[in-house]
Amino acid sequence: MTTDQEPLPTGRKRFWWLGISLALFLAVVTGLLFYPSPPPSVPMPVYQGRTLKEWLHYASDGKPTDKHSMDAEAAIHQMGTNALPALVQMLDFEYFSIWQPYLKILLSKKGDPFAGPAVLLGERYLARRGFRILGAEAKPAVPGILRLLHSRKGILERIDIIKVLELIGPAAKEALPDLLAIAKSGERGQRGAALEAIVAIHSDPESCVPFLVRQLSDTDQIWRAFVAQSIGSLGPAAQSAVPRLTELLVDPDKDVRECATNALQRIDPAAAAAAGIK
């Protein structure tokens, strides 16, 4: 009588190894998702029994459309500048910023914006939401946000920080010199984010518009089109850009011509009509 076991068939071996691999993968992902955040160094403000972070989960990314999000926006406005230290801290920390929002959508229960584990919405993602809600009220946070921008090297991190300055809007005019420098010589993604932030702030057309007009001479047609579109969003404040935009009506690139046309119509309809634009 022998005690040797017969080897597993090849198909069963494959299935066995696949099961082990899948179990290990799920264990690692679960550990990463639910690993606790380090303790905050700044106290999280509380309003009506909920922390700022809880209210941020209830809030929406756009105009509030239900009671949950409207109550959340009201609560965050009530916290006001008291929320800024925590928001800046959250902007400085995040897990898996790219795919967490999508996991939140997949795992949450329909109709309950606070369902699912809170960690699935990254800290920086929630911070952006808070800065969008506060807008100009977040002006005192701009120096701290700029310090973060100067200290960060990662492209996605820097783009997120630049987007926050855009959300604060004209109140973030202190950031214009840094944004102009990034739009001039940064990596393309950062240049685009900086340009959008400059347009959102545009508190000083005399310095911003000449810079944007110079960008219309860039050799990259995608960038020229993007800049022309951005200038158009400034409206009449970009009047000094009209001559250069008129020249772009005969640009070799179709998208550049289209963006220049739209920009002229938004900035100076009479100049657009004189240039033959109907």
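Heads up: these notes are all about the structure in this document. (Residues numbered from 1 in each chain as written. Predicted model: local features only at pLDDT ≥ 70, side-chain atom pairs only at ≥ 80, totals over all residues. Heavy atoms only, no water.)

### Quick look at the overall build of the protein
Looking only at helices and strands, the protein features 15 helices and two strands. Relative to its 278 residues, the protein shows a buried fraction of 41%. Taking as baseline every contact in the protein between residues at least 6 positions apart, the subset at least 24 positions apart corresponds to 66%. Total accessible area computed for the protein in this model is approximately 15600 Å², and 60% of it derives from carbon and sulfur atoms. (Helix = DSSP H or I, 4+ residues; strand = E, 2+ residues; numbered from the N terminus. Buried < 20%, exposed > 50% of the residue type's maximum accessible area, 1.4 Å probe, protein only. Contact = heavy atoms within 4.5 Å. Areas by Shrake-Rupley, 256 points an atom, 1.4 Å probe, with all protein chains shown as cover.)

### So, the environment of Asp-204
Residue placement: Asp-204 occurs in the loop between helix 10 (188-201) and helix 11 (205-215). On the accessibility criterion, Asp-204 (33% relative accessible area) is partly exposed. In the structure, Asp-204 is positioned 33 residues away from Ala-237 in sequence and 9.6 Å away in space, judged by C-alpha atoms.

### Remarks on the packing of helix 12 (residues 221-232) against helix 14 (residues 254-267)
The relative placement of two packed helices is expressed as an angle between their axes plus a distance between the axes. Packing of helix 12 against helix 14 brings their axes to within 8 Å, and their N-to-C directions diverge by 10 degrees. In terms of orientation, helix 12 lies roughly parallel with respect to helix 14. Contacts from Gln-221, Arg-224, Ala-225, Ala-228, Gln-229, Ile-231 and Gly-232 of helix 12 reach helix 14 at Asp-255, Val-256, Cys-259, Ala-260, Ala-263, Arg-266 and Ile-267. The residue inventory of the contact of helix 12 with helix 14, partitioned by class, reads eight nonpolar, three polar and three charged. (Axes fitted to C-alpha atoms, helices over the stretch in contact; angles between N-to-C directions. Parallel < 35°, antiparallel > 145°, perpendicular 65-115°, else oblique. Nonpolar A, V, L, I, M, F, W, Y, C, P; charged D, E, K, R; others polar.)

### Looking at a nonpolar patch on the surface
The grouping of Leu-22, Phe-25 and Leu-26 at the surface amounts to a nonpolar patch, some 320 Å² of accessible area in total. Residue placement: Phe-25 occurs in helix 1 (residues 10-34). Judged by relative accessible area, which is 52%, Phe-25 ranks as exposed. (Patch = residues over 30% accessible without salt bridge, like charges linked within 9 Å, V, L, I, M, F, W, Y side chains within 5 Å. Salt bridge = Lys/Arg side-chain N within 4 Å of Asp/Glu carboxyl O.)

### Quick notes on the nonpolar core
By size, the foremost hydrophobic cluster in this structure holds 76 residues, and its most contacted members are Phe-131, Ile-145 and Leu-245. No other element matches helix 10, which puts seven residues into this core. For Ile-145, the residues in contact, after removing those within four places along its chain, are Val-88, Leu-91, Phe-131, Ile-161, Val-164, Leu-165 and Ile-168. (Core = buried A, V, L, I, M, F, W, Y, C linked by side-chain atoms within 4.5 Å.)

### A short note on the packing of aromatic side chains
Tallying each qualifying case throughout the model produces two aromatic pairs. Measuring from ring centre to ring centre gives 6.3 Å for Trp-55 and Tyr-58, while their planes differ by 55 degrees; the resulting arrangement is tilted. Of the two residues, Trp-55 and Tyr-58 are both situated in helix 2 (residues 52-58); the distance of three residues between them amounts to about one turn of the helix. Classification of Tyr-58 as buried rests on a relative accessible area of 12%. Ring centres of Trp-223 and Phe-226 lie 5.8 Å apart, and the angle between their planes is 45 degrees; on these two criteria the pair is classed as tilted. Taken together, the positions of Trp-223 and Phe-226, both in helix 12 and three residues apart, correspond to about one turn of that helix. A residue is classified by how much of its surface remains accessible, and Trp-223, at 5% relative accessible area, is buried. Directly above the aromatic system of Trp-55 lies the positively charged group of Arg-50, at a separation of 5.1 Å from the ring centroid. A cation over an aromatic ring shows up here: Arg-191 above the ring of Trp-223, its NZ or CZ 4.1 Å from the ring centre. (Phe/Tyr/Trp six-rings, centres within 6.5 Å; stacked < 30°, edge-to-face > 60°. Lys NZ or Arg CZ within 6 Å of the ring centre and 35° of its normal.)

### Points about unusual backbone geometry
Positive phi outside glycine occurs at Gln-48, with the angle close to 50 degrees. Here Gln-48 falls in the exposed class, since its relative accessible area comes to 62%.

### Some thoughts on the pattern of salt bridges
As enumerated under the stated definition, the model contains 14 salt bridges in all. Of the charged contacts, one joins Lys-53 and Glu-123 as a salt bridge, the two residues approaching to 2.6 Å between their closest N and O atoms. Pair noted here: Lys-53 is in helix 2 and Glu-123 is in helix 6 (residues 123-134), with a separation of 70 residues, a long-range link. Given a relative accessible area of 22%, Lys-53 falls into the partly exposed group.

### A closer look at the side chain of Arg-244
Locating Arg-244 in the fold gives a position in helix 13 (residues 242-247). At 3.3 Å, the side chain of Arg-244 and the backbone oxygen of Leu-216 are in polar contact. Non-local contacts of Arg-244, meaning those with residues more than four positions away in its chain, are made with Val-213, Leu-216 and Ser-217. (Polar contact = N/O pair within 3.5 Å; in protein donor to acceptor, adjacent residues only side chain to side chain.)

### Points about the environment of Ala-260
With respect to the helices and strands, the residue Ala-260 is situated in helix 14. Taking the C-alpha atoms as reference points, Ala-260 and Arg-244, 16 residues apart in sequence, are found 9.0 Å from one another. Not counting residues up to four positions away in its chain, the partners in contact with Ala-260 are Ala-228, Leu-245, Leu-248 and Leu-249.

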